[in-house]
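Coordinate analysis (summary)
Residue strings, one per chain:
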Amino acid sequence: MEERIQDGLLRGLAGFYPGSELLKRFGDHIQSLVEAAEQTAEDGDPERHIAALLALEAVLLSDLLSDPEAREVVHGEDLQAAMATSQRLFADFECRLEDAFVADIARVKDPQRYLSDCESETRGYLARYRALAAAEVALAGIGPQDRVVFVGAGCLPVTAMEYVRRTGCRVDAVEILRDRAAQAGAVIERLGLADSLQVIPADGRTVDFAGYNVILVGVLAEPKAAIFARIAGSAAPDSRVLCRTTEGLRQFIYKPTAPESLLPYQAQAISRARGFQTLSTLCLGRVSLKPDGAA
């Protein structure tokens, strides 16, 4: 443990506490921040709740821990309930933020300018997904000739819009919830992107993936095992398949994708989240399985 601490960015504190005690204190601090965020949500004070979430997020995205240190914190049994609560709080906040975006896009005179000029948490949210989309374009080599499908696009398909803007490709955005799919369709129409971007209200388990060059599965799309079985059964062998996940302390924001849920695919490359980014993206390759299920 002491060697791991010395390798991590917390080594400056290692002289004050034994390694195991230091990581416990770090975990306790995260738990206290989660409890504060949950309390502000129950109190119904939006400003204090956002401030509490941003304080928690700052710690989770700090990259203060080495990978072994982060794994030790994340896998601690006493933090599992806090992790589930944190994931729920961030999911609720993102949903409300997207709803606010959709409402603003519908009412403003110039939605394109609005998306460029919006401030504070909103600007950070858009910048985060634009940077993520740029990394995925590079990871998969997406170009204007590609036809892309994004499973789990939500009501504000920033990734899909950014793919179109950056490459000129065509994108189908799949969203299982029909009301959110309708919202996404209205956003796309309002932004004048309907020629390149289509919303499909559907379950990822029922999509025919034939004809798509690039397939992206979102971090919240579920059940992943069934979705990837559907991809394997209908996609072309040379399709480029991407899946979002989380690593380290970022697992307190989104649930990570289990490797076994990707079968018959496995990760061949990764675009790893660092700094203000929350999501990592896996580039997958198909593996042949023996009759007993082993690779």
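It should be emphasised that the depicted structure is a prediction, and the values quoted were computed from it without experimental measurement. (Residues numbered from 1 in each chain as written. Predicted model: local features only at pLDDT ≥ 70, side-chain atom pairs only at ≥ 80, totals over all residues. Heavy atoms only, no water.)

For the rest of this paragraph, the subject is the overall build of the chain. Scanning the chain from N- to C-terminus turns up ten helices and seven strands. Across the chain, the fraction of contacts at a sequence separation of at least 24, relative to all contacts at a separation of at least 6, is 69%. (Helix = DSSP H or I, 4+ residues; strand = E, 2+ residues; numbered from the N terminus. Contact = heavy atoms within 4.5 Å.)

Here we come to the sheet that holds strand E1 (residues 147–151). Taking strand neighbours across the sheet as the criterion, the seven strands line up as E3-E2-E1-E4-E5-E7-E6 in an open arrangement whose pairing is mixed. The open sheet has two edge strands, strand E3 (197–201) and strand E6 (265–271), and neither has a second partner. Pairs of neighbouring strands in the sheet enclose a mean axial angle of 25°, with direction left out of account. Along the sheet, helix H9 (residues 178–190) contacts strand E2 (170–175) and E3; its crossing angle with E3, the most-contacted strand, is approximately 165°. (Pairing = 2+ DSSP bridges. Axes fitted to C-alpha atoms, helices over the stretch in contact; angles between N-to-C directions.)

For the rest of this paragraph, the subject is unusual backbone geometry. With an omega dihedral of -5°, the bond running from Glu 222 to Pro 223 counts as a cis peptide bond. In this structure, Pro 223 sits in the loop between strand E4 (214–217) and helix H10 (224–234). Looking along the chain, the bond that leaves Leu 263 and enters Pro 264 is cis, with omega of 10°. Considering the arrangement of structural elements, one finds Pro 264 in the loop between strand E5 (240–245) and E6. A positive phi is found at Asp 63, a non-glycine position, where the angle reads about 55°.

What follows covers the environment of Ala 134. Its location among the elements puts Ala 134 in helix H7 (residues 120–140). Sequence spacing of Ala 134 and Arg 166 is 32 residues, and the spatial spacing of their C-alpha atoms is 7.7 Å.

Here the focus is H9. If you check H9, its first and last C-alpha atoms are 18 Å apart, about what 13 residues at 1.5 Å a residue would give, namely 18 Å. By the burial criterion, the buried members of H9 are Arg 180, Ala 181, Ala 184, Val 187 and Ile 188. In a view along the axis of H9, the buried residues occupy a sector of 120°, so they form one face of it. Exposed positions of H9 whose direction lies more than 90 degrees from the buried face are Arg 178, Asp 179, Ala 182 and Glu 189. Against the buried residues of H9 lie helix H5 (80–107), helix H8 (158–167), E2 and E3. Phi turns positive one or two residues past the end of H9, at Gly 192, with a value near 70°. (Expected span 1.5 Å × (residues − 1). Buried < 20%, exposed > 50% of the residue type's maximum accessible area, 1.4 Å probe, protein only. Arc of directions from axis to C-beta.)

A few words on the nonpolar core. Core analysis: the largest hydrophobic core is formed by 68 residues, its most contacted members being Ile 30, Tyr 163, Leu 197 and Leu 249. Examining the composition of this core, we find that nine residues originate from one element, H5, more than from any other. Here Leu 249 is in contact with Phe 26, Ile 30, Val 59, Leu 60, Leu 65, Ala 70, Val 73 and Val 74, once residues within four sequence places are set aside. Ranked by size, the runner-up nonpolar core spans 21 residues in total, among them Phe 209, Ala 221, Tyr 265 and Leu 284. (Core = buried A, V, L, I, M, F, W, Y, C linked by side-chain atoms within 4.5 Å.)

The subject of this paragraph is the environment of Tyr 129. Tracing the chain through its elements places Tyr 129 in helix H7. Residues Tyr 129 and Pro 157, spaced 28 residues apart in sequence, show a C-alpha to C-alpha distance of 9.6 Å. Setting aside its immediate chain neighbours within four residues, Tyr 129 contacts Glu 94, Val 158, Thr 159, Arg 244, Tyr 254 and Leu 279. A polar atom in the side chain of Tyr 129 sits 3.3 Å from the side chain of Glu 94. (Polar contact = N/O pair within 3.5 Å; in protein donor to acceptor, adjacent residues only side chain to side chain.)

Attention shifts here to the packing of helix H3 (residues 46–60) against H5. Packing of H3 against H5 brings their axes to within 11 Å, and their N-to-C directions diverge by 120°. Between H3 and H5, the angle falls in the class oblique. In this structure, the crossing between H3 and H5 has a hand that is left-handed. Together, His 49, Ile 50, Leu 53, Leu 56, Glu 57 and Leu 60 of H3 and Ser 86, Leu 89, Phe 90, Phe 93 and Arg 96 of H5 make up the contact between the two elements. Considering only residue class, the contact of H3 with H5 consists of seven nonpolar, two polar and two charged. (Parallel < 35°, antiparallel > 145°, perpendicular 65-115°, else oblique. Left-handed = near helix turned anticlockwise from the far one by under 90°. Nonpolar A, V, L, I, M, F, W, Y, C, P; charged D, E, K, R; others polar.)

This part takes up the pattern of salt bridges. Tallying each qualifying case throughout the model produces 17 salt bridges. The partner of Arg 180 in a salt bridge is Glu 98, with the nearest N and O atoms 3.7 Å apart. Highlighted residues: Arg 180 in helix H9 and Glu 98 in helix H5, separated in sequence by 82 residues. With its nearest N and O atoms 3.0 Å apart, the salt bridge here joins Arg 107 to Asp 104. Residue Arg 107 and its partner Asp 104 are located together in helix H5, separated by three residues, close to a single helical turn. Its relative accessible area of 18% is what places Asp 104 among the buried residues. (Salt bridge = Lys/Arg side-chain N within 4 Å of Asp/Glu carboxyl O.)

Turning our eyes to something else, we now look at the packing of aromatic side chains. What the rule picks out here adds up to four aromatic pairs. Residues Phe 101 and Tyr 114 carry aromatic rings whose centres are separated by 6.2 Å and whose planes lie at 70° to one another, so their mutual orientation is edge-to-face. Taken together, the residues Phe 101 in helix H5 and Tyr 114 in helix H6 (residues 111–117) connect sequence positions 13 residues apart. For the residue pair Phe 101 and Tyr 114, the accessibility class agrees, reading buried in each case. Among the aromatic side chains, those forming a connected cluster through ring pairs are Phe 101, Tyr 114, Tyr 125 and Tyr 129. (Phe/Tyr/Trp six-rings, centres within 6.5 Å; stacked < 30°, edge-to-face > 60°.)

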